[in-house]
Amino acid sequence: MAENKFELDPKTLMGMFEINTKKEEETKDSLIEGTFKGEGEDDEEKGIELEEEGEKQENLAPRKLFEELGGMESILKKLDVNPHIGLTLQEQKDNFQQRIEKYGVNRFEVPPHKSWFELLWDSYKDTTLIILIVAAVVSLILGFTVEDPSTGWIEGTAILIAVIIVSVVTASNDYEKEKQFRALNEVKENIEVKVLREVTEGVGDLDTISIYDIVVGDILVFDAGDKIPADCLLFKNEDLNVDQSLMTGETKTIRKRLDGDVFLLSGTVITSGAGRAVVTGVGLHSQWGAMRKNFEEKPEDTPLQVKLDRMAVIIGYIGLFAAILTVLVLVIMWGIDIGRNGWKKEMLGELADYIIIGITIVVVAVPEGLPLAVTISLAYSMKKMMKDNNLVRRLASCETMGNANNICSDKTGTLTENKMTVVQAYLYGDLFDEMPGADDIFEYGLNLLSKSISINSKAFLHVNEKGITEEVGNRTECGLIRMLEVLKIDYKQIRVDSEDKVKKIYNFDNAKKRMSTVIKKKEGFKVYTKGAPEIILKFCTRVMDDNGNITDLDEEGKNGILEQINKMANEGLRTLAFAFRNFENNDEDWEQENVEQELIFIGFVGIMDPLREGVEEAVMECQRAGITVRMVTGDNVGTAKTIARKCGILTEDGLVLEGYEFRKMSEEEQIEILPNLQVLARSSPQDKYDLVSLLKKQGAIVGVTGDGTNDAPALQKADVGLSMGIAGTSMAREASDIVLLDDNFKSIVNAVMWGRSVYDNIRKFLQFQLTVNLSALTIAFIGAVSGRGMPLRAVQLLWVNLIMDSMAALALGTEPPTRKLLQRKPYRRNESLLSNLIIRNLLCQGAYQVIILLVILYAGPSMFGYDINIEKERIHLYTILFNAFVMCQVFNEINCRKIDKDEKNVFKGIFRNHIFVGIIVVTVIVQFIVVQFVGSFFYTEPLTAMEWFWCILIGFFSLPLGLLFRYIPVPDDKSQREEDPEKQPLRDDLSSDSDSNMSNELDLKNNRDDDDDEDEDEDEENKGLVSFHSGSDDNESEEKFDEDSDN
């Protein structure tokens, strides 16, 4: 290939967008100034004129450069790309090497992250560690100068080594935390986009690729809700509107025009319409890349981390108080000793030891492991949740999901498989109980239906590298495309043949519930329309029969068709109707309502979307877990009720409402019906938002699913927003906290389970750490004030601190969840981390440890035959105490695995957590080495086999005692008692009365009510007949007709 194949350089292409951004800011400022120059109506009108003029003028500069480069045709030529085919097969084989060399890749530079050594250095900036290091250095100096130099250096050196170990562990944990955060960002930003590329010589086809695989010259296909992944120039426009606020600060959406603003800025979002564009800037050579190269997103603390940080501060103050009190007592006794025995230079070393002990008590008391445990547990859960098809975008959502007590779920794709199959049809006056074959439809009618589906849709089927056919685009449209394939119709060829004939596309609008495409004929135009049958019928004045004859369609005929629509809807089928007309448009009036009039009705199809396997069990699990599940769908009432019953959401006494009924209620009326509301059909995104707001106002913790652009407000309003990974738009995913990679309701249940696991694991670790703190501080203080000195030396306490903060956090923070977690009610929003059960357990275990250690401290000399007045024997006795203390922590760590009152077997499932078992084994092995082989550093003496036996037995005895402690009655926590009766129904009354009430849990489904094009078809498909106002009786109330779409 020639070196100058690509005539345009990256800076030139990027220049258009830089000017565009700057000009928009200038226009915005000038409009603000111009709008407020005068007063009165005349000046107001002048301001409006200025704004309109601003819209016309704002792109003159970029447009000028665009024209200087020769316009779209010239730019496409200079980029060596055919807009009808895309990048060639040859370039694909070469991996776009030449393009990448010239224009770069679509990846973004981020500021370099701190290395492990930088984090290690940062760890030494901790005030407590600095004080400890200074004290250790002082101890070393005194050891060499005042004490015996041959042994005086040992304690100071041991403390420094312990500090180094703690710093290494801290740095490693921080590094792993940042690594996890970067990995999370990498995954959540890796979205797929639709691209046109050559598949066979001279023929292009649509495909989906990662945004990281986009190169300059690629032809991208956009729909509403898509995020623009690179700077592009628009060359095919279907009323495209873009939200550019992220890049320009402009709050209003910008309408793109082929004769004006064709510039699509990377990082912005398509709010409505569709189009095709050529990529001109990727990575650092795009506007988004230039903006974010100096921007680094920092991980934020989750609410649980914040709560634990506060608790750590309080515990730290308690530890500081204990340390000061201990040192004060020791110093007083030190002074008394001087008064009795006189001054000796060795006493200066004793004073240094007291200060070191005080600092060490603070180090032990400050529970740095609490925030670390949250990080470890969240990171571990996040990895595991990924395997369960939950991509966690915000760590806080993981823990919040565990306490959710209301879930508002869409239907399509979440509770159902989103595998649309046409199973019934009503075409040209004939009813087919199964999908018709090609021979069942007359030739002209088949041709008309095929064109109506092919031209007036955007979905396509793609065969991947493994030879598996994948559906790309709206799943309802994919079902129609599959029907054409069964009928042996080449929909791709129809699209190619009509591509140049498309005059106008009216993308799906949530309010209008239909989509239309106008094509130019030799004489005049033809419009193809599809949408909710009852909506389409309103615009039809004629109907085509099975002989191709066109007759008038009166009200009686419409009612007969509506009756058939209702029958299909009540069988749980989604319905989608088709119509057309030929017309002339001499006055060039392209208002949608004027084009879509006097249509000729073709017919409608019934599309089956089967329930996902296991969804009934998943809904039941939610109900057992105290979670109310509601279905919020755009489908008509008949379809919604049928699916809700199959899922176990709708019960005999359950309430079903349509969106318009819910909207017209006062807030008081809405609150009154809320406990029984199980299905909200024919709802809009605003209905979903209002429902979420009402639930939160009543104190509920709400999880909401959504897949479309208009679902974004509800997703953000919810405590946890759950977007669809397959059917969801980019905007929905950006607004969500968790992405369901398989769009499956079962994945929501898994998210709840993992969220509860995180919360429980933190409570387990909290129980363990506070028990150690209680016993260590008590022993340190009593030993000091009783004249026995410090039975636990500073370096020993630092080793215990390492066991507590890092190893226990890893062990207990990675406890895997069990389905048993779904058999209890969620914790309240303001639930205390320390339940009455946990307080009982830690007080009992702490008391046992303190008593047994005091027995060793005071009765040990007679029990083991050691004279504490002899230093070596005193160290030996204190070694037994230290070893027994550590063994108590090892076995109590096993005790802390279970914290619920009905959990008695602490060994159950222990071998499922290999990390836990490994840490227990490593702790015991290291403790053995510390005691037996490195006594000079840790102030220990090797123990005999019998002494090891007693230490292990003392530790082991905490297990049967732990079992006995579990039978000590304690008051129920507030969350387990009756709550406010007015708010109770929103939380757990539906699941607490009986198993029958579990079915009252409301299941929310895939509310595809979005304006975006992906949702449009789905909305249209669902447009069946609305059968009643409310209630669970199918025959209730008056019938209404509305769209069946999954909003």
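Rules of the game
Residues numbered from 1 in each chain as written. Predicted model: local features only at pLDDT ≥ 70, side-chain atom pairs only at ≥ 80, totals over all residues. Heavy atoms only, no water. Axes fitted to C-alpha atoms, helices over the stretch in contact; angles between N-to-C directions. Helix = DSSP H or I, 4+ residues; strand = E, 2+ residues; numbered from the N terminus. Parallel < 35°, antiparallel > 145°, perpendicular 65-115°, else oblique. Left-handed = near helix turned anticlockwise from the far one by under 90°. Contact = heavy atoms within 4.5 Å. Nonpolar A, V, L, I, M, F, W, Y, C, P; charged D, E, K, R; others polar. Disulfide = S-S within 2.5 Å. Core = buried A, V, L, I, M, F, W, Y, C linked by side-chain atoms within 4.5 Å. Buried < 20%, exposed > 50% of the residue type's maximum accessible area, 1.4 Å probe, protein only. Phe/Tyr/Trp six-rings, centres within 6.5 Å; stacked < 30°, edge-to-face > 60°. Salt bridge = Lys/Arg side-chain N within 4 Å of Asp/Glu carboxyl O. Polar contact = N/O pair within 3.5 Å; in protein donor to acceptor, adjacent residues only side chain to side chain.

A.B. asks: Describe the packing of helix H22 (residues 615–624) against helix H29 (residues 745–785), and please don't skip the residues or the numbers.
C.D. replies: Here H22 crosses H29 at 30 degrees, and the two axes come no closer than 9 Å. By the angle between their directions, the pair H22 and H29 is classed as roughly parallel. Crossing handedness for the pair H22 and H29: left-handed. From H22, Val 615, Ala 618, Val 619, Glu 621 and Cys 622 reach across to H29, where they touch Phe 745, Lys 746 and Val 749. Of the residues in the contact of H22 with H29, the class split is 6 nonpolar, no polar and 2 charged.

A.B. asks: Could you give an account of the state of the cysteines, naming the residues involved and the relevant values?
C.D. replies: Following the criterion strictly, the structure yields 0 disulfides and no others. Cys 951 takes part in no disulfide bond, and the closest cysteine sulfur to it belongs to Cys 888, at a distance of 9.1 Å.

A.B. asks: Lay out the nonpolar core in plain terms, naming residues and giving numbers.
C.D. replies: In this structure, Met 401 and Phe 745 are the most contacted members of the largest nonpolar core, which totals 126 residues. Of all the elements, H29 adds the most residues to this core, at 20 residues. Ranked by size, the runner-up nonpolar core spans 84 residues in total, among them Ile 75, Ile 211, Ile 214 and Phe 222.

A.B. asks: Talk me through the packing of aromatic side chains; I want residue IDs and the actual numbers.
C.D. replies: Inspection of the entire model under this criterion finds 14 aromatic pairs. Seen from their ring centres, Phe 583 and Trp 590 are 6.4 Å apart, and the 70 degrees between their planes marks the pair as edge-to-face. Owing to a relative accessible area of 8%, Phe 583 belongs among the buried residues under this scheme. Given the relative accessible area of 17%, Trp 590 is considered buried. Ring centres 6.4 Å apart and planes at 45 degrees place the aromatic pair Tyr 848 and Phe 957 in the tilted group.

A.B. asks: Explain the pattern of salt bridges residue by residue, including any values.
C.D. replies: Opposite charge on two side chains allows them to pair when their charged atoms are near. Per the counting criterion, the structure on display carries 24 salt bridges. Each of the salt bridges in this network shares a partner with another, and the network as a whole consists of Lys 194, Asp 223, Asp 226, Glu 238 and Lys 458.

A.B. asks: Can you lay out the environment of Ser 736 for me, pointing to particular residues and giving the numbers?
C.D. replies: As for its placement among the helices and strands, Ser 736 is situated in the loop between helix H28 (730–735) and strand S26 (738–740). On the basis of relative accessible area, Ser 736 is assigned to the buried category, the value being 0%. In sequence terms Ser 736 and Gly 706 are 30 residues apart; their C-alpha atoms lie 8.4 Å from each other. Apart from residues lying up to four places away in sequence, Ser 736 is in contact with Arg 393, Arg 394, Gly 721, Leu 722 and Ser 723. Looking at Ser 736, its side chain comes within polar contact range of the side chain of Ser 723, at 2.8 Å.

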